[in-house]
Amino acid sequence: MPSLEIIDLNGPVHYADYGGDGSPLVLVHGLGGSHLNWLHVAHRLAERHRVVAVDLAGFGLTPPAGRKSTVHANQRLLDDFIGAISPDEPVGLIGNSMGGLVSILQAAAHPAGVSALILVNPALPLADAGAVNVFTMQRLFVPLIPGVGEAAMSRYYARATPEQQLETTLAAVTANPADLPTHGRELNLEMIRLRKQMEWAVPSFLQASRSIAGVLVRRKAFRKTLAAIECPVLLIHGEADSIVSPASAEWAIEQRPDWRLELLPGVGHVPQLEAPELFGELVEDFLRARQ
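Everything quoted here is computed from the prediction, not taken from an experiment.

J.: What's the story with the overall build of the protein in this structure? I'm lost.
T.: Secondary structure assignment for the protein yields 12 helices and eight strands. Taken over C-alpha atoms, the radius of gyration comes to 17 Å for the protein, in line with the 19 Å a tight globule of 291 residues would show. Principal axes of the C-alpha set define a box for the protein whose edges measure 50 × 40 × 35 Å. The buried share of the protein, reckoned over its 291 residues, is 55%. Within the protein, contacts between residues separated by at least 24 positions form 77% of all contacts whose residues are at least 6 apart in sequence.

Below, the structure written as structure tokens:
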């Protein structure tokens, strides 16, 4: 297991330190996620890199502590985190879903500080409305409605058991939940149990959801953000993802044809969990070519 650490960045920030002596890699989780999202791949990556997985403000074990949980606020927190753990060397960023969007914002805002960017089913502008499932409607679109979102999310968190929450989430974000490795399941259940006791969990989720939508609906500005990224980029995307359609990944490649796209058949929204061996191979191949 990694070492769990806390750093003060205008409030506590929790992160998992997997060690390693190579170039630094920072792993950034998605909406509702935590450092546990990288449990199945981080140790392999640490064989060649210094690997840390951060909990963004309002997620995992990191409280807002007076900070916002929007993607822009968490991009600034990520920038502070990078400056603290790697002050003299640019980092490789690996971001999944919302963490991919935060990583996009970071690479665009501070290109000199990011050596390579690996986007894993990142949050991107909607390109295929037909691919949006009920879970996505409930978790991403309903929260956007003032009042309704608060009531719906609070009711869900109050009524669903940790086991039900985990199974519902896995069924939505993976193509074949039964094929997932069982290692780490109890850790994720424990995280859900802890977050049920955190009064800031639901407000942080809602604030982040609304901020994601606010960024992605502004396509012209988002294109400029993509254009500002200078480092090499690998985009890994599961073809069976019904939360962020593969069509959105292809749209991103149309904007940046110099990026490398890897579409994974039979894989959903979290390739690092669903296909950890293939994920590790793709990441290492990409990073090795950059050295």
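We are not done yet, so read on.
J.: How should the environment of Gly-58 be read in this particular structure?
T.: Within the fold, Gly-58 resides in the loop between strand 4 (49–54) and helix 2 (71–85). For Gly-58, a relative accessible area of 0% puts it in the buried group. When the C-alpha positions of Gly-58 and His-237 are compared, they lie 26 Å apart, and in sequence the two are 179 residues distant. In this structure Gly-58 touches Pro-63, Pro-64, Ser-69, Arg-195, Trp-200 and Ser-204, once residues within four positions along its chain are discounted.

J.: Explain the side chain of His-237 here, please?
T.: Relative to the helices and strands, His-237 resides in strand 7 (residues 233–238). Here His-237 falls in the buried class, since its relative accessible area comes to 0%. In this structure the side chain of His-237 is engaged in a polar contact, spanning 2.7 Å, whose partner is the backbone oxygen of Val-244. Leave out the neighbours within four places in its chain, and His-237 touches Asn-121, Pro-122, Val-244, Ser-245, Pro-246, Ala-249, Leu-261, Glu-262, Leu-263 and Leu-264.

J.: It is not clear to me how the pattern of salt bridges should be interpreted in this structure. Could you clarify?
T.: A side chain of one charge can pair with a side chain of the opposite charge if their charged atoms are brought near each other. In the structure shown here, the tally under the stated rule is 10 salt bridges. The partner of Glu-186 in a salt bridge is Arg-193, and the shortest N-O contact between them spans 2.9 Å. The partner of Arg-260 in a salt bridge is Glu-262, with the nearest N and O atoms 3.1 Å apart. Arg-260 gets classed as partly exposed once you look at its relative accessible area, which sits at 26%.

J.: What's the story with the sheet that holds strand 6 (residues 114–120) in this structure? I'm lost.
T.: Sheet strands pair via backbone hydrogen bonds, and the direction of the pair is either parallel or antiparallel. In space, the eight strands of this open sheet follow the order 1-2-4-3-5-6-7-8, with mixed pairing throughout. Across the chains shown, the open sheet's two edge strands, defined by having one partner strand only, are strand 1 (3–8) and strand 8 (260–264). When strand polarity is set aside, the average angle formed by the axes of neighbouring strands in this sheet is 20°. Pairing of strand 2 (residues 12–19) with strand 4 involves four bridges; the strand directions are antiparallel. The partner of Ala-16 across the bridge, within strand 4, is Ala-53. Running at roughly 155° to strand 3 (residues 23–28), helix 2 makes contact with strand 1, strand 2, strand 3, strand 4 and strand 5 (91–96) of the sheet.

J.: Looking at this structure, how should I read helix 8 (residues 201–216)?
T.: Each α-helix turn comprises 3.6 residues. Residues three or four places apart therefore point the same way. In this model, helix 8 (16 residues) spans 23 Å end to end at C-alpha, consistent with the 22 Å of a helix rising 1.5 Å per residue. Ala-201, Val-202, Ser-204, Phe-205, Leu-206, Ala-208, Ser-209, Ser-211, Ile-212, Val-215 and Leu-216 are the residues of helix 8 that are buried.

Rules of the game
- By convention here, each chain's residues receive numbers from 1 onward along its written sequence.
- The predicted nature of this model means local features are confined to residues of pLDDT at least 70 and side-chain atom pairs, given and counted, to a pLDDT of 80 or more, with totals for whole chains, interfaces and linings taken over all residues.
- Each side-chain value is worked out from all heavy atoms of the structure, with water and hydrogens disregarded.
- Secondary structure elements are taken from DSSP: a helix is a run of H or I of four residues or more, a strand is a run of E of two residues or more, and numbering for both begins at the N terminus.
- Just to be clear, the radius of gyration here is over C-alpha atoms, and the globule rule we use is 2.2 Å times residues to the power 0.38.
- Working definition: with a 1.4 Å probe on protein chains only, accessible area under 20% of the residue-type maximum means buried, over 50% means exposed, and in between means partly exposed.
- Contacts are assigned to residue pairs that have any heavy atoms within 4.5 Å of one another.
- Under the rule applied, a polar contact is a pair of N or O atoms within 3.5 Å (in protein, one hydrogen donor and one hydrogen acceptor; residues adjacent in sequence only if both atoms are side-chain atoms).
- One side-chain nitrogen of Lys or Arg within 4 Å of one carboxyl oxygen of Asp or Glu is enough to make a salt bridge.
- Between any two strands, pairing holds if DSSP finds at least two bridges.
- To get an axis, fit a line to the C-alpha atoms, keeping to the stretch in contact for a helix; angles then go from 0 to 180 degrees between the N-to-C directions.
- For a helix, the expected span equals 1.5 Å multiplied by the residue count minus one.

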